[in-house]
Amino acid sequence: FSPPVGRYLEVVGYTKMLILGLVLMGICFMCFGIIDRLENPTTVFYVALFLRFMQGTACAMAYTTIYAIITNKYPNRKEALLGMLEASFGVGLICGPLAGASLYNMFGFELTFYIYGGFFLLCTFLLWYLIPELEMQTRPTIETGGSGN
């Protein structure tokens, strides 16, 4: 989904696309909590498949936007910032399962997803409040002959 997201990024805007992707991801996390209530294995399969599809779409929206922001807004620091971004992904991959297992042991399956999704949405709204609207940049295109007009 990254190519379509990249195509519409300039239309929607960096900040809106990032926030939209993160909100969708948080909602998907919370919706995973209902899977434990479903009784029919076929329903569980299709609901989980749909939620993962939506979560993948949300991830493409957020990650594509984050990489675009770093490379377009900070061209002189992009290597360092991309390194920090990748390092933070690694830390999340290490700490996430530990946090999830702890939440599961304390609160069970359903509440774990509600807590995680709620925290994710809270952080998203704080991010929305704290970051400024990022302006679009005029970039050279094939149609303009590289002039950017």
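In short, a report on the structure. (Residues numbered from 1 in each chain as written. Predicted model: local features only at pLDDT ≥ 70, side-chain atom pairs only at ≥ 80, totals over all residues. Heavy atoms only, no water.)

A closer look at the overall build of the chain
The number of helices and strands found in the chain is five helices and zero strands. The N-to-C order of helical and strand elements in the chain reads α-α-α-α-α. Within the chain, the proportion of its 149 residues that are buried is 28%. Relative to all contacts within the chain whose residues are 6 or more apart in sequence, the contacts with residues 24 or more apart total 72%. Carbon and sulfur atoms make up 69% of the accessible area of the chain, which amounts to about 9800 Å² in all. (Helix = DSSP H or I, 4+ residues; strand = E, 2+ residues; numbered from the N terminus. Buried < 20%, exposed > 50% of the residue type's maximum accessible area, 1.4 Å probe, protein only. Contact = heavy atoms within 4.5 Å. Areas by Shrake-Rupley, 256 points an atom, 1.4 Å probe, with all protein chains shown as cover.)

Some remarks on the pattern of salt bridges
Evaluated as defined, the whole model comprises one salt bridge. Note that arginine 37 and glutamate 110 form a salt bridge whose closest N and O atoms lie 2.6 Å from each other. Linking arginine 37 in the loop between α2 (14-31) and α3 (41-73) with glutamate 110 in helix α5 (residues 109-130), this pair joins segments that are 73 residues apart in sequence. (Salt bridge = Lys/Arg side-chain N within 4 Å of Asp/Glu carboxyl O.)

Notes on the packing of aromatic side chains
This structure, assessed with the given rule, holds eight aromatic pairs. A ring pair is formed by phenylalanine 29 and phenylalanine 120, whose centres lie 5.3 Å apart and whose planes are at 75°; its orientation type is edge-to-face. Within this pair, whereas phenylalanine 29 is found in helix α2, its partner phenylalanine 120 is found in helix α5, the two being separated by 91 residues in sequence. Neither phenylalanine 29 nor phenylalanine 120 differs from the other in exposure class; each is buried. Every member of this aromatic cluster is reached through a ring pair, and the members are Phe29, Tyr116 and Phe120. (Phe/Tyr/Trp six-rings, centres within 6.5 Å; stacked < 30°, edge-to-face > 60°.)

What about the packing of α2 against α3?
Orientation of α2 relative to α3, taken along the N-to-C sense of each, is 150°, at an axis distance of 8 Å. Judged by the angle between their axes, α2 and α3 are roughly antiparallel. In this structure, the crossing between α2 and α3 has a hand that is left-handed. (Axes fitted to C-alpha atoms, helices over the stretch in contact; angles between N-to-C directions. Parallel < 35°, antiparallel > 145°, perpendicular 65-115°, else oblique. Left-handed = near helix turned anticlockwise from the far one by under 90°.)

Some points on the environment of threonine 64
If you trace the backbone, threonine 64 turns up in helix α3. When the C-alpha positions of threonine 64 and proline 3 are compared, they lie 8.7 Å apart, and in sequence the two are 61 residues distant. Every residue in contact with threonine 64, bar those within four places of it in the chain, is listed here: Ser2, Val5, Gly6 and Cys59.

Looking at a nonpolar patch on the surface
Together, Phe119, Leu122, Leu126, Tyr129 and Leu130 line one region of the surface with nonpolar side chains, adding up to about 630 Å² of accessible area. For leucine 126, the position within the fold is in helix α5. (Patch = residues over 30% accessible without salt bridge, like charges linked within 9 Å, V, L, I, M, F, W, Y side chains within 5 Å.)

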